[in-house]
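Fold and geometry: a report
Each chain is listed here by its residues.
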Amino acid sequence: MSRAETGPLTRLGVPLVVAGAAIVVGYLFSVGLDGYFVYLGMSAIVAGIALLGLGVVTGSAGMVSLCQLTFAAVGAWVVSGLNRIGAPGGFLVWLVCGGVAAGLVGVLVGLPALRLRGINLAVVTLGLAAAADLTLVQIQFPGTVDGVSVDRPEAFSDDRNYFWLGTIVLTACCLLVHFLRKTRWGSGWQAVAFSERGTAAAGASVRTSKLSAFAVSAALGGVAGGLLTGQVGLAFPASFTAMQSLALYVLAIMSGAHLIDMAVFGAVLWVAVPELLKRWGVPQDWGFVVFGLLGTHALTTGGNLGTAVRELWRRRSKGAAGVELSAPPAEVDMPPPGEPVLVVRDLSVSFGEVKALAGVNLSVPSNGVLGVIGPNGAGKSTLVDIISGFLPQATGSVELDGRPLNGLSPTRRARAGLRRTFQQDRVPAGLTVGAYVRFVARRRLSSSEIDEALEFFGCPPAKTPLRRVDVGARRLVEVVGHLLARPKVLLLDEPAAGLPHEEHVALGLRLRQVPARFGVSVLLIEHDLDLVRSVCDTITVLDFGQVLASGPQAEVLANPDVLKAYMGETELL
Amino acid sequence: MLQGALAGLAAGGLYAVLAVCLTLMSRLVRVVNFAQSATGMFGCYVAVHLSIQVGLPTWAGTVVGILIGGALSALLGWIISTWLAEADIGTRSAVTVAVLLLLISLSFILFGNKPQPFHPILDGPAFSVNGVVVSQVTVVTVLLSVVIAVGCRALLSKTSFGLELRALSERPTTAELMGIPAKPLAVAVWAVTGLLSTLVISIVAPSQSNDATSLSMLVVPAAAAALLGGFRRLDLAVVGGLVLGMAQGAVAQVDSLSVVRYFLPFLVIVGLLLWSQRKEVWDVAR
């Protein structure tokens, strides 16, 4: 099987061809459809752009945003304001200004949401939507009171041409979202939705990821609002109520708007459901009741239309991809361990009355692998958390290559060359193996470099979606990503958990070659003594938060105190 | 200013009760219930409908409305604790957003989108301070908020029922293994908060702007108040509600500040969040 990711031609070409086709279809619709349907279609386009934005913030980045139409109102405000004062540039420039302005408002509103979990953002955005609702009714849009309607661009002044312009703008927005998703920002959105810790450990800023998602979403909302103003000529508060924002959010969840086609489909529903109800003589308010019911269903079952359709389409390909580690790796020359590169002194932390770690000293030599073992609850994972910066309340010092790391955030430490992996699955399922590895590595990688590293650890090929990769293999993909980042030190928290036992030693043989192959020193936390013995020359033993023994492998494992603490009194070694 | 502040106290009491409900929900059943006031709104509208269209006495209609509010809330609680028992607070709360939308549109269909002709349950002044009249509604809602907060606190800390509830909220799995009936308890919490919010909205709604959207959006100032207590502390939630109501009332006195009044809950939310999140906090324990 080819391990290469798709080439640049397909990566760029296919979306552009689809976009071209969409614009042609838009033109055909604009000339062929009945005038009323052109009008409805324009409403669907506006909703589509707004949904696309919601797809970014709720679908990709996993946050709850309930004020999408407030951002639309900002866009509408800017467009009608610029039209009112006769600003230069014309409609399209105003539209872009509206988008940018809404994006800026999004950043302002999102700032308090930087470290917020999804639910706090929901409270903030609902608050904004409610306040904007009342305010807009009171102050109205510029030009509305004196009836100055917004000038459409000359070439697109009639409804049919304006609809075609709408399709072009929608297509441009879809392309924008598509390509943004492929960038570091986009991977960051996926990562932050799945795990903030995982994002920070990859050296990406949780703050930037959330804020960029929110800003992009708001900007798209602004464009939608501006386009709507051009459609109706005058902007009215009734188009931007909190109720409709809520309905759009629910629709985004229900349709799975993080998938671009589903955002467009959701937009069709947005227009079609009330229209059909109207034709059947049912009050249109039932439309929102339908959305509410379907949304509740989608949220309680955790599925949405988009993924459901895609799963039918792909007919569930073969099952999960796993790890293949059977053959031993080729021999390499091992450089001898050198000077300490990571030095930890007097590390302590307490949780309330419990002293989780007390006065721990250890050092990882360059080109070396230090094993840290200890019984359950000895403080091994806490140690990794402290060194990687997730427990800022800890005392003591951490030095990387002579540079003190105290006070730095996990993101900064990761960028300084101190990486870690997690015991739990922190790999976002929405990316492919290759995209995730590139995201974690934070540097330019050739496809062959990625393929080689993946193959060395027996991981599935780069183009495999992580969704189809089993948990054990995901955690090795995580290791590969961090190794390709070429940090000075990598802290591995039980990398073998989730792998079948017979593959532990095979993994160990590979980990032993990590300093030689990747130039990375390793601190390995492990339960499995077979694995530790096959990898580590030096071992530190933790027990009840203190260092029980430290030194060369044979010496430490023969220490009677270690035997007693770690293995109990019986002879297990 | 004082007159405005005292006039705002009725709304403040309403915010306080809703904030207490939100806090209880978030603490005990891991939900920020965006449909909290919408459930109350729906119950009240049923009450109005019963007394105006069916001809039930106001008190009887109100009682039925309150029971319906409680039942609606219980139903929602049952749905969430059946299908989302293990889900995180974000997903569970997102469901209530969908329900909020559902209830508002349902009320448009059933009762129209105009404010309802409420019969006030309480009417007239209670007493006056320095010539400023304090209405009965104000006295009752403020007292109610304090009584509910104190009562809930006592219930949670003094009774074995409260102990079970806390066990359930802090260590759900352990609690279930010990034989504490998780689902019935959770549904009971939902039902009680539904009853309380319908009760307090029935009292205040006649003297407020009482269209379906306004009543449902009461959850915003209530959330602002609950945030003051960090969705944990009942006493601060009450204080937050009362202060917010008074501040809004005071600002409403000045015409040029009316937009500020609309944004007050939002600004309070943002301010409190910035303050409470000033230190880095991670999403999960490890």
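Residues numbered from 1 in each chain as written. Chains lettered and ligands numbered in written order. Predicted model: local features only at pLDDT ≥ 70, side-chain atom pairs only at ≥ 80, totals over all residues.

**Topic: the overall build of chain A**
Filter applied, for reference: Going along the chain from the N terminus, every DSSP run of H or I of four or more residues is numbered as a helix, and every run of E of two or more is numbered as a strand. Three classes are used. A residue is buried when 20 or more other C-beta atoms lie within 10 Å of its own, exposed when 12 or fewer do, and partly exposed in between, with C-beta atoms placed from the backbone. Residues are treated as contacting if the C-beta atoms built from their backbones sit within 7 Å of each other.
Within chain A, the secondary structure is distributed over 23 helices and ten strands. A principal-axis box enclosing the C-alpha atoms of chain A has dimensions of 90 × 50 × 45 Å. Scored against the burial criterion, the 573 residues of chain A give a buried share of 53%. Of the contacts formed within chain A by residues at least 6 apart in sequence, a portion of 76% connects residues at least 24 apart.

**Focus: the overall build of chain B**
Rules: As a reference, a globule follows 2.2 Å times the number of residues to the power 0.38, and the radius of gyration itself is taken over C-alpha atoms.
The helix and strand inventory of chain B stands at twelve helices and two strands. Taken from the N to the C terminus, the helices and strands of chain B come in the order α-α-α-α-β-β-α-α-α-α-α-α-α-α. For a compact globule of 286 residues, the expected C-alpha radius of gyration is about 19 Å, and chain B comes in at 19 Å, within 12% of that figure. Summarising its shape, the C-alpha atoms of chain B cover approximately 60 × 50 × 35 Å along the three principal directions. Per-residue burial over chain B gives 54% buried out of 286 residues. In chain B, of all internal contacts separated by at least 6 residues, the share reaching a separation of at least 24 is 75%.

**Structural notes on the interface of chain B and chain A**
To keep things clear, this is the line we draw: Put simply, Ala, Val, Leu, Ile, Met, Phe, Trp, Tyr, Cys and Pro go in the nonpolar bin, Asp, Glu, Lys and Arg in the charged bin, and everything else, Gly too, in the polar bin.
Counting residues at the interface gives 43 residues for chain B, matched by 47 residues for chain A. At the level of secondary structure, the elements contributing two or more residues to the side of chain B that touches chain A comprise α3 (58-83), α4 (89-111), α10 (219-228) and α12 (258-276) of chain B. When residues of the side of chain B that touches chain A are assigned to their parent elements, the largest contribution, 17 residues, is made by α4(B). For the side of chain B that touches chain A, the per-class residue count stands at 33 nonpolar, seven polar and three charged.

**Comments concerning unusual backbone geometry**
Residues and elements named next belong to chain A. Residue D346 is not a glycine yet carries a positive backbone phi of 55°. By secondary structure assignment, the location of D346 is in strand β1 (residues 340-351). The phi dihedral of D401 is positive, around 55°, even though this residue is not glycine. You can see D401 is positioned in the loop between β4 (395-400) and β5 (403-404).

**Focus: the sheet that holds strand β2 (residues 354-365) of chain A**
Pairing between the strands of a sheet comes from backbone hydrogen bonds, and it takes one of two forms, parallel or antiparallel. Residue and element names in this part refer to chain A. Rules: Should DSSP find at least two bridges between two strands, the strands are regarded as paired. Under this scheme, a helix contributes an axis fitted over its contacting stretch, all axes are lines through C-alpha atoms, and angles between N-to-C directions fall in the 0 to 180 degree range.
Ordered by their spatial adjacency, four strands build an open sheet running β2-β1-β4-β5, and the pairing between neighbours is antiparallel. The open sheet has two edge strands with one neighbour each: β2 and β5. Bridging between β4 and β5 involves two bridges; their strand directions are antiparallel. When the bridges of β5 are listed, L400 appears paired with R403. Sheet strands in contact with helix α14 (residues 380-387) are β1, β2 and β4, and its direction is about 70° off that of β2.

**Some words on the packing of helix α2 (residues 36-54) of chain B against α4(B)**
All names here are of chain B. The condition that has to hold: In what follows, roughly perpendicular refers to angles from 65 to 115 degrees, roughly parallel to angles under 35, roughly antiparallel to angles over 145, and oblique to any angle outside these ranges. The crossing is said to be left-handed when, going from far helix to near helix, the turn is anticlockwise and less than a right angle, and right-handed when the turn is clockwise.
For the pair α2 and α4, interaxial distance at closest approach is 9 Å and the crossing angle is 15°. Overall, the two elements α2 and α4 adopt an arrangement that is roughly parallel. Helix-helix and strand crossings are classified by hand; for α2 and α4 the assignment is left-handed. Counting all contacts with α2, which are made through A38, T39, M41, F42, Y45 and H49, the residues of α4 involved are L100, L103, I104, S107 and F111.

**A look at the packing of α2(B) against helix α8 (residues 182-204) of chain B**
Residue and element names in this part refer to chain B. Contact geometry of α2 with α8 gives a least axis separation of 8 Å together with a crossing angle of 60°. Classified by the angle their axes make, α2 and α8 are oblique. Crossing handedness for the pair α2 and α8: right-handed. In this structure, α2 uses Q36, S37, T39, G40, M41, G43, C44 and A47 to contact α8, whose residues at the interface are T193, G194, S197, T198, I201 and S202. Here the contact of α2 with α8 is built from residues that sort into four nonpolar, ten polar and no charged.

**Quick word on the sheet that holds strand β9 (residues 538-543) of chain A**
Residue and element names in this part refer to chain A. Taken in spatial order, the six strands line up as β6-β7-β8-β3-β9-β10 in an open sheet, and their pairing is mixed. Lying at the two open borders of the sheet, with one neighbouring strand each, are β6 (418-420) and β10 (546-552). Strand-to-strand, the axes of this sheet are offset by a mean angle of 15°, without reference to chain direction. In the packing of α14 onto the sheet, contacts are made with β3 (369-373), β6, β7 (489-493), β8 (521-525) and β9, and the angle to β7 comes to roughly 150°.

**A few points about the environment of B:N113**
All names here are of chain B. One can find N113 in the loop between α4 and β1 (125-129). Judged by C-beta crowding, with 13 C-beta atoms within 10 Å, N113 ranks as partly exposed. In the structure, N113 is positioned 111 residues away from A224 in sequence and 26 Å away in space, judged by C-alpha atoms. Look past the residues within four positions of N113 in its chain and what remains in contact with it is F108, D211 and A212.

**Structural notes on helix α2 (residues 35-60) of chain A**
All names here are of chain A. To keep it simple, the criterion reads: A helix's residues, less one, multiplied by 1.5 Å, set its expected span. Take the seven residues that end at a residue and the seven that start at it, fit an axis to each, and the angle between those axes is the bend at that residue.
Taking 1.5 Å per residue, 26 residues should reach 38 Å; α2 reaches 36 Å between its end C-alpha atoms and fits that length. At L54, α2 shows its maximal kink, close to 30°. Taken across its 26 residues, α2 has 20 buried, putting it largely inside the fold. Phi turns positive, to about 70°, at G62, one or two residues after α2.

**A short note on the domain arrangement of chain A**
All names here are of chain A. The line we're drawing: Per the annotation, domain bounds derive from an automatic or database assignment of domains.
When the domains of chain A are assigned, the result is domain 1 (11-314) and domain 2 (340-417 + 487-567). Each partner contributes residues to the interface: domain 1 has seven residues there, and domain 2 has six residues. Its residues assigned to classes, the side of domain 1 that touches domain 2 comprises four nonpolar, two polar and one charged.

**A look at the environment of B:K158**
Residue and element names in this part refer to chain B. By the secondary structure assignment, K158 is in helix α5 (residues 136-158). Judged by C-beta crowding, with 10 C-beta atoms within 10 Å, K158 ranks as exposed. Considered as a pair, K158 and D255 are 97 residues apart in the sequence and their alpha carbons are 48 Å apart.

**Focus: the pairing of β10(A)**
Residues and elements named next belong to chain A. Both β9 and β10 contribute to a ladder of six bridges, which runs antiparallel. The partner of T538 across the bridge, within β10, is P552. Counted between consecutive antiparallel strands, the loop separating β9 from β10 contains two residues, among which F544 sits at a positive phi close to 45°.

**Remarks on the confidence of the model for chain A**
Spelled out, the test is: pLDDT runs from 0 to 100 and stands for how confident the predictor is about each residue.
In this model, chain A carries an average pLDDT of 87, and 95% of its residues clear a pLDDT of 70 or more. Overall, residues 569-573 of chain A carries pLDDT values under 50, and its contacts beyond four positions in sequence, including any with other chains, amount to five contacts.

**Details of the environment of A:N367**
All names here are of chain A. Looking at the secondary structure, you find N367 in the loop between β2 and β3. When the 19 C-beta atoms within 10 Å are taken as the criterion, N367 is described as partly exposed. N367 sits 155 residues away from V522 along the chain, and the two C-alpha atoms are 8.0 Å apart. Beyond its immediate stretch of four places on either side in the chain, N367 contacts P335, P337, G338, P515 and S521.

**Observations concerning the pairing of β8(A)**
Residue and element names in this part refer to chain A. In terms of residue burial, β8 counts as a mostly covered element, since five of its five residues are buried. The side-chain alternation of β8 yields two buried faces, one formed by S521, L523 and I525 and the other by V522 and L524. Note: β3 against β8, four bridges, orientation parallel. Along β8, the bridge assignment pairs L370 with L523. With five bridges joining them, β7 and β8 adopt parallel strand pairing. What sits directly across from D493, in β8, is I525.

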